Amino acid sequence: MSVDLLEHFPAGCTPRPEQARLLAGLADALAEIADDRRAPRVLLVEAPPGVGKSHVAMTLARWSGDAYLLTSQKLLQDQYEREFGAELALVKGRDNYVCERYPAAAVPTSRGACRRPRGPACACPYARAKQAAVNAPIFCTNTAYFATLRHWHTEHLRRRRLLIVDEAHNLESQLVSVFTARFSHDEMREWFGRPLPRLARADEYRPVLAEYVERLEARRQEIARALDVVHPPPLPDEVFLEAPLTRDEHDLLEQRDQLDGALARLTFFLDAEDREWIVRYPAEPAAALSLVPLTVAAMAQSLLADCAEVTVLSSAYLGHREVLAECFGLDAGGVRVFTVGSPFSLEQRPIVYRPVGALSQATRARLEPAVFAEVGAILAAHPDDKGLIHVGSYEMGRRLVHDLAARAPRESRRLLWIDSAGGKQPALEHHRASPLPTVLVSPSLREGVDLPDDFLRFQVLTKLPYPDLGDPWTAARQSRDHRWYAVETAKALVQAYGRSCRHADDHGVTYVLDGQFARFLQYYRVLLPEWFLDAAVPAVRQLARDDGC
Ligand code: SF4
C-alpha cells in the first residue's frame, strides 16, 4: 500500500523542504504499518523550531480522518485553534466554558446548575464541545486533560486510528502530575484533622492513609447532605436552580470536587503497591504532601496503546530512544525516528560561550558575582534590544535582580522579573507592549513562549538547566537512571536555545555563561541533536581559540 501524505497538507500552504522530507519518511512508515502488523507503531518526529511541526501533525491527522491530537502548552493549543480551528474540534477543561443557565453571571460550567443536587441534564458549551470532539475526525485537547478524562473520569474515548502527542518531551512529567496524590496543608487539616507526619518512605503512608479512606467517604456524604440543605425542599427545583450558586454552595461544590479527586488518587496509590512511589513533602511549615509515582511507564503504555493504532510523538527533541522507550514502557524496536535539521542559518541563531566557571551548589556563592557581572555586560552590549535571561531558580533570579540594581542600576531598570508562575502572563504582556528594551528574567521561560523578532534579540543562559536534585522525585529518578538525568538536561537546553530564532526572517543570539556547558557537550554529545551541535560546538571552539588553546 502507498500513502501520500502531501495530499493532506493543510489547504493554502506549501510544504517546506523539511516538512516534505518528514512527511515522505512518515508516509513510508505508515504504508509499512498497513502492510505489516509487526512494523513499528510508535513514530517519533523531531524537528527544530521553524520547521512547522504543527503542519506536519495536522497533515497526519487529516490523512487519518480519525485522530486524537494532544498538546501540552496553552500557546500551542491556541495556535492549533487559530490556524486550523475549522478542521479540528478543540475541547478544554470545564472551567473554560460558561454555564448557559445564568446569562447574567459568568459562572463556569464546573459550577453550573447541573452540578447541584437535582440539577438539569442539559448540554452546555462544555458538553457540546466534548461531544463535538468525540464525533469529529480530529479531537484536539490538552495532554493532561485527556489523561485525566480517560483515567479519573473513566470517559469512554474510543480507540482511534492515530494519536499525535505534540510537545511530547513533556509527556512523562505531565503523566506524573496526573497520577500524583497531593494534599495541601489546608486539606490535610480539614480531612485528617492535622498535617500528616513526615515519613521517609511512601509505603509508610499506606496504613496511615488507609485509615482515612472511610472518613473521607463519610465527609463526602456529609457534603452531599449539606448541598441538599442549601437547596430547601419546599422550594421548587426550577425556582432554586434559576439563581446562581450562593457562596456556601460554591464552597461545598469545590470541596466535593477536591474530595472526589483526592479519593480517586488516594485509592489508586493504596492499590498500586507494586509500584515505587516517592514522598515530596518540603520542610516549610505549610507544605503540601505529594505521593508521586516514580515512573509512569505502565500508564503511558496503556495510554499510547489503548488510544490508537499508531502513535506519533512530536517535539523539537525527545531525547535518547532507549531512555524514551523505557520511560513509556515501549519496546525500543517498536519505535522509529524521523528527524530534520534547522531551516535557519547559523548566523541567525549563534551561541556565544562566555564561561565564568562551572556552576554548582558548591561553587554558587563564589561564582555568582561573576555571572551577574557578565549579565550586566551583556545587557550593556544590547542597549536597544529586548531579551530574556534564564536563571537556574527563583532564588537565583532574586539574587541577580538585587545584585544588578546595585551593580548596574540603569540596566537593571530594563528587567522584568517574573518571581512566580502567576507573574508570567502579565510580564509577557508588558514585555510585548512596552516600546522600551525590556528584558525578561525567569527560571521558567525555557519553553511555551513565543518571542519572535524584536521581542527577543538576545537571551542568556546563566546556568545549565539540570533538573533540581533538591526535589526528591528528581533525585530518585536520577539515582535509578543517570542517562535519564542527562537526557532531561539536554531536552531543557535544546528548548531554551529554541527561543532565539522563531522563523525564517528572525535572528537572536544565545549567551551561555555556565562553564559546565563544554563538559556537558563533551560527555553527552550523543544526546544532543545535530542542529544544536552545529551552533554549540563552534561556540566552544571559538572560546578555545580566543583563549589561545
Ligand atoms: S450542562 Fe447546563 S447546567 Fe450544566 S453547566 Fe452546562 S449549561 Fe450549565
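Please read these numbers as outputs of a predicted model, since none were measured by experiment.

A. Summary view of the packing of aromatic side chains. By the definition in use, this model includes 20 aromatic pairs. Judged by centre distance (5.4 Å) and plane angle (40 degrees), the rings of Phe179 and Phe268 are tilted. Pair noted here: Phe179 is in helix H6 (residues 171-179) and Phe268 is in helix H10 (residues 247-271), with a separation of 89 residues, a long-range link. On the basis of relative accessible area, Phe179 is assigned to the buried category, the value being 4%. Site record: aromatic cluster; members linked through ring pairs are Tyr353, Tyr497, Phe517, Trp531 and Phe532.

B. Representation of the site of the ligand within the structure. The environment of the ligand is formed by Cys99, Glu100, Arg101, Thr109, Gly112, Ala113, Cys114, Cys122 and Cys124. Of the residues in the shell around the ligand, the class split is five nonpolar, two polar and two charged.

C. Broad picture of the pattern of salt bridges. As enumerated under the stated definition, the model contains 33 salt bridges in all. Between Arg247 and Asp251 there is a salt bridge, and its shortest N-O distance comes to 3.1 Å. You can see Arg247 and its partner Asp251 sitting in helix H10, four residues apart, about one turn around the helix. Classification of Arg247 as exposed rests on a relative accessible area of 57%. Residue Glu368 pairs with Arg399 through a salt bridge whose shortest N-O separation is 2.7 Å. Within this pair, whereas Glu368 is found in helix H13 (residues 364-381), its partner Arg399 is found in helix H14 (residues 394-407), the two being separated by 31 residues in sequence. By relative accessible area, Glu368 is classed as buried at 5%. The exposure class assigned to Arg399 is partly exposed, which follows from its relative accessible area of 28%. Several salt bridges converge on common partners, so that one network encompasses Arg201, Asp203, Glu204 and Arg206.

The rules behind these values
- Residues numbered from 1 in each chain as written.
- Predicted model: local features only at pLDDT ≥ 70, side-chain atom pairs only at ≥ 80, totals over all residues.
- Heavy atoms only, no water.
- Phe/Tyr/Trp six-rings, centres within 6.5 Å; stacked < 30°, edge-to-face > 60°.
- Helix = DSSP H or I, 4+ residues; strand = E, 2+ residues; numbered from the N terminus.
- Buried < 20%, exposed > 50% of the residue type's maximum accessible area, 1.4 Å probe, protein only.
- Near = heavy atom within 4 Å.
- Nonpolar A, V, L, I, M, F, W, Y, C, P; charged D, E, K, R; others polar.
- Salt bridge = Lys/Arg side-chain N within 4 Å of Asp/Glu carboxyl O.

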